[in-house]
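If you want the building blocks of each chain, they are given just below.
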Amino acid sequence: MTLNEYQEKAMVTCMPSCKNEIYAINGLIAEVGEINDKIAKGVRKGILRIDNNHLVWNTSNEEEVDNYRKELILEVGDCQWMLALLSQLLGYTLDEMAMANIEKLRDRATRGVIDGSGDHR
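Keep in mind that this is a model prediction, so the values were computed, not measured. (Residues numbered from 1 in each chain as written. Predicted model: local features only at pLDDT ≥ 70, side-chain atom pairs only at ≥ 80, totals over all residues. Heavy atoms only, no water.)

Draft legend 1. Highlighting the overall build of the protein. Across its full length, the protein holds four helices and two strands. The C-alpha atoms of the protein give a radius of gyration of 18 Å, which is well past the 14 Å a tight globule of 121 residues would have. Over its C-alpha atoms, taken along the principal directions, the protein stretches across nearly 45 × 45 × 25 Å. The buried share of the protein, taken over its 121 residues, is 22%. Of the contacts formed within the protein by residues at least 6 apart in sequence, a portion of 60% connects residues at least 24 apart. Surface accessibility of the protein: about 8,600 Å² in total, with carbon and sulfur atoms responsible for 54%. (Helix = DSSP H or I, 4+ residues; strand = E, 2+ residues; numbered from the N terminus. Rg over C-alpha atoms; globule rule 2.2 N^0.38 Å. Buried < 20%, exposed > 50% of the residue type's maximum accessible area, 1.4 Å probe, protein only. Contact = heavy atoms within 4.5 Å. Areas by Shrake-Rupley, 256 points an atom, 1.4 Å probe, with all protein chains shown as cover.)

Here's what the structure looks like:
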């Protein structure tokens, strides 16, 4: 499935009351928060830990790890849905958004300014 195909299929589920930029932005923030919440709860429960900026599983129970990873990826998918909505509301397809981002990153890499700050570096 392409990004545009995903966007088309996902937006079929968008209720009219959700078709506004503020909902999409706040929804994206909330979904990212849900990813963070799952990680925090995993740490609290001892299922995983953060080691040298990486998530490390504290259990050898493959089923537990698989279930937790599936929960995380569902939240990542919710973020993707919100990005699809926001892109559409701004008049872009996901493919166009992704290509614009790649072009920006390629330009920064060419100029040696990947590591830095500011949108227009």
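Draft legend 2. Spotlight on the packing of helix H1 (residues 3-11) against helix H4 (residues 94-111). Between H1 and H4, the least distance of the axes is 7 Å, while the angle of their chain directions is 140 degrees. When the interaxial angle is binned, H1 and H4 end up oblique. Facing H1, whose interface residues are Leu3, Asn4, Tyr6 and Gln7, H4 presents Leu94, Asp95 and Ala98. When the residues that make up the contact of H1 with H4 are grouped by side-chain class, the tally is four nonpolar, two polar and one charged. (Axes fitted to C-alpha atoms, helices over the stretch in contact; angles between N-to-C directions. Parallel < 35°, antiparallel > 145°, perpendicular 65-115°, else oblique. Nonpolar A, V, L, I, M, F, W, Y, C, P; charged D, E, K, R; others polar.)

Draft legend 3. Main features of a negative patch on the surface. A surface patch of negative charge is lined by Glu5, Glu8, Asp95 and Glu96. Listed by contribution, the elements that provide at least two residues to the negative patch are H1 and H4. Inspection of the secondary structure assignment puts Asp95 in helix H4. (Patch = residues over 30% accessible without salt bridge, like charges linked within 9 Å, V, L, I, M, F, W, Y side chains within 5 Å. Salt bridge = Lys/Arg side-chain N within 4 Å of Asp/Glu carboxyl O. Lys, Arg positive; Asp, Glu negative; His and termini not counted. Charge placed at Lys NZ, Arg CZ, Asp CG, Glu CD.)

Draft legend 4. The arrangement of the nonpolar core in detail. By size, the foremost hydrophobic cluster in this structure holds 12 residues: Tyr6, Ala10, Met11, Cys14, Cys18, Ala24, Trp81, Met82, Ala84, Leu85, Leu86 and Leu94. For this core, the secondary structure elements donating two or more residues are H1 and helix H3 (62-89). For this core, the leading source of residues is H3, giving five residues. If you look at the next biggest cluster of nonpolar residues, it comprises seven residues, including Ile35, Ile39, Ile47 and Leu48. (Core = buried A, V, L, I, M, F, W, Y, C linked by side-chain atoms within 4.5 Å.)

Draft legend 5. Highlighting the state of the cysteines. Summed over the entire model, instances satisfying the criterion amount to zero disulfides. This cysteine, Cys18, is not joined by any disulfide, and Cys14 carries the nearest cysteine sulfur, 5.1 Å off. Left without a disulfide partner, Cys79 is nearest to the cysteine sulfur of Cys18, which lies 15 Å away. (Disulfide = S-S within 2.5 Å.)

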